[in-house]
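Structural characterization, general
Each chain, written out:
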Amino acid sequence: MSRSLVWSLHLLAAVAILAAATAPAPAQVRYPESRVAPVTDTLHGVAITDNYRWLEDQQAPDTRAWITAQNRFREQLMANLPGREAIASRLRELLMVDLLGTPTVRGNRYFFTKRAADQDYPVIFMREGPTGTDVPLVDPNVTAGEVPISVGLGNIAEDGSLFAYAVRRGGEDETVVRFYDVARRRSLPDYLPRARNGSVQITPDKRGFFFTRLTPQGPRLFYRAFGPGAQEQLLYGEGLGSDMGMGAQLSRDGRWLLIRVGRGTSGGNDLFLMDAATRAAPVPMVTGTDRNYDADFAGNRIVIQTDWNAPKGRVLIATPDAPQRERWREIVPEGPYTISGVSLVGGKLWVRYLQDVVARMRGFDLEGRPFRELAMPTLGTLSGLGGDFDRDEAFFSFGSYNTPTTVYRYSVARDQRSVFWRQNVRFDTDAYEVRQVWFTSRDGTRVPMFVAHRRDLALDGTNPVYLTGYGGFNISQTPGFSAQYAVWMERGGIVAVPNLRGGSEFGEAWHRAGMFGNKHNVFDDFIAAAEWLVANRYTSPDQIAIAGGSNGGLLVGAALTQRPDLFRAVVCSVPLLDMLRYERFLLGRFWVSEYGAATDSAQFRYLRAYSPYQNTRPGARYPAVLFETGDGDTRVAPLHARKMTALLQAATSAPVGERPILLKYDTEAGHSGGLPIAKTVEDTTLRLHWVMWQLGMLR
């Protein structure tokens, strides 16, 4: 019998037996064939065999055929499940609404992105004055074709007459950078070709611009003049390796350029100051440490936020004529709460804190004297104040799991806030609550968790839970509004988000407690969160779905291989899963400073101990898993999800129809968004539909 005929019979059988949506599939329904072709490497004296190395070749005909078969199998398996259109309809109501980004003001012009409810992509708008008419400037909706094209607002010239914008294809990290002449209402012929471009800074005289680019050799700083025939001038970066990153910030007067050079994502960074007029070699401000430094200009001074000798953060100040670290002066010392960011607006320094992961913002003058505190209405996510040091007007946003996002306009001098824009969605905020609970992890560490659900929830151990987390790269998890979570809670579900070690919620010490050989703490925290929810009768293991993306995909991959008994379903998106090879692909080299690398014998031991791909065991009864990835992910190689799908399908003892291992592979989706809103609805519908199917919630 031919392979194609066998495949067709499998599909027909799957459609027939799953027509009732809940009937278990008979044993003859099988996954698409995944060829086993063992490749064995010896690392530090240990033989490591990889049966699916061939799936690393993304463009090989065998790989493309396998992707097509996996997508078709998933589609057929789910084709007759009830409830899909009801989920999609509600998501359209929540997602297909007007959206507006926080504005940037230059001169008397307000620049922002806005997407109308009937549009696929945000449009770049300009408004003359705070109450002027919104004028569309760059609209990707009129030029987008089959490949999704989105735009993002970049640096704006000081007088508001010129701005940069990024053009992104699908979900790629790479962008084309273009420039827009506001008076003539047209884009200039000058542009930067598709690359990992960043930190475009237009000079005040608008004769040219500085920019950074991540080249195959490493990060580089360039200057380029506007006009025909202009060439890129390399200013700095020769000798910096491919595992380093760079950003740049030009002072408002165009005199100075701050340069931040990072070692990977978690290895600390250096600061340099360049005279932008002479473009002479930059002066080192601080180099050679493993600490983090962020800096910005406050008039003729430089304000630095750092965890140097202060794991929870502090703020110092310097001047361009004496920028070296030994000349810095502390103005806001380390305190009991974590500094999550600073803003320089209205002549004041605004410090954002996380007080036990609750957002706070306090103002200081540049001598460090307290000025004022901005109170927030509830648990939620607070953006930084957007504005200029020499301008009274500022903007910030706030939202929570039960509170749609609102953008506020704020006067520093008058201490007055007004609503600039509010997300207009039909959602009964008062019917839901967001709580913070605490649980104890395996080693005795107390860990907080946000829990959101209907106010009338009964703790009877039967509630479906969507448990998600991240736990890495010094990134905090705070409550924000999500259409996906809103639909989930409306169906009686609970959203649970623990603040795992590896994040920034409690400063750099909390981050380092989840790095390198301490990565097991992250997984222990996540597992303890699920156990706490069960012990406190929120749910049971058969009602827990876990989800995570990127580093969060590694999190749920480790959780499902370590405790397959604790979860019923897993959504594993754009994940890292083969931790013995991850640094070889795309941007993996940047993450060695967070995870380590298998080339180091000590790091190899702990990576091997938790790497999901190497810890999948044949014959185990694994949860149902939906892997999500696609060709457009140019950050985390899609090969991780491809290989793990094949391996887990072969390993699991659970029948296909009972706990399926499925792959959703998109040829456009990636790490950086940029998809049309209709595609977002489609993808979110699939995710929710699949989870609700597995937890018995479909109707």
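Residues numbered from 1 in each chain as written. Predicted model: local features only at pLDDT ≥ 70, side-chain atom pairs only at ≥ 80, totals over all residues. Heavy atoms only, no water.

This part takes up the sheet that holds strand β19 (residues 293-298). Read from one edge of the open sheet, four strands run β19-β20-β21-β22, paired in antiparallel fashion. Since the sheet does not close on itself, it has two edges, and those belong to β19 and β22 (329-332), each with one partner. Each strand of the sheet is rotated relative to its neighbour by a mean of 30 degrees, with strand direction disregarded. Of the pairings in the sheet, the one linking β19 to strand β20 (residues 301-306) comprises six bridges and is antiparallel in character. Opposite Asp-296, over in β20, you have Val-303 as the bridge partner. (Pairing = 2+ DSSP bridges. Helix = DSSP H or I, 4+ residues; strand = E, 2+ residues; numbered from the N terminus. Axes fitted to C-alpha atoms, helices over the stretch in contact; angles between N-to-C directions.)

Core analysis: the biggest nonpolar cluster contains 123 residues, and Met-449, Leu-467, Tyr-595, Phe-627 and Trp-690 have the highest contact counts within it. At nine residues, the largest contribution of residues to this core is made by helix α6 (residues 519-535). Setting aside residues no more than four positions away along its own chain, Leu-467 makes contact with Met-449, Ala-496, Pro-498, Phe-526, Ala-529, Ala-530, Leu-533, Ile-544, Ala-545, Ile-546 and Ala-547. Within the second largest apolar cluster, 15 residues are counted, among which are Tyr-223, Leu-240, Met-244 and Met-246. (Core = buried A, V, L, I, M, F, W, Y, C linked by side-chain atoms within 4.5 Å. Buried < 20%, exposed > 50% of the residue type's maximum accessible area, 1.4 Å probe, protein only. Contact = heavy atoms within 4.5 Å.)

Counted by the stated rule, this structure contains 57 salt bridges. In this structure, Arg-252 and Glu-158 form a salt bridge, with 2.6 Å as the shortest nitrogen-oxygen distance. Taken together, the positions of Arg-252 in the loop between β15 (244-250) and β16 (256-263) and Glu-158 in the loop between β8 (149-156) and β9 (162-169) put the pair 94 residues apart, joining distant regions of the chain. Note on Glu-158: relative accessible area 27%, which makes it partly exposed. A salt bridge links Asp-388 to Arg-252; the nearest nitrogen and oxygen atoms lie 3.4 Å apart. Highlighted residues: Asp-388 in the loop between β28 (386-387) and β29 (393-400) and Arg-252 in the loop between β15 and β16, separated in sequence by 136 residues. A relative accessible area of 10% means that Asp-388 is categorised as buried. Take Arg-252: its relative accessible area is 34%, and that puts it in the partly exposed class. (Salt bridge = Lys/Arg side-chain N within 4 Å of Asp/Glu carboxyl O.)

Time to look at the sheet that holds strand β12 (residues 208-215). Judged by pairing direction, the sheet is antiparallel, and its seven strands sit side by side in the order β8-β9-β10-β11-β12-β13-β14 without closing on themselves. Across the chains shown, the open sheet's two edge strands, defined by having one partner strand only, are β8 and β14 (233-236). If you compare each strand with its neighbour and ignore which way they point, the axes differ by 35 degrees on average. Alignment of strand β13 (residues 218-225) against β14, held across three bridges, turns out to be antiparallel. Bridging from a neighbouring strand, Tyr-223 pairs with Gln-233 of β14.

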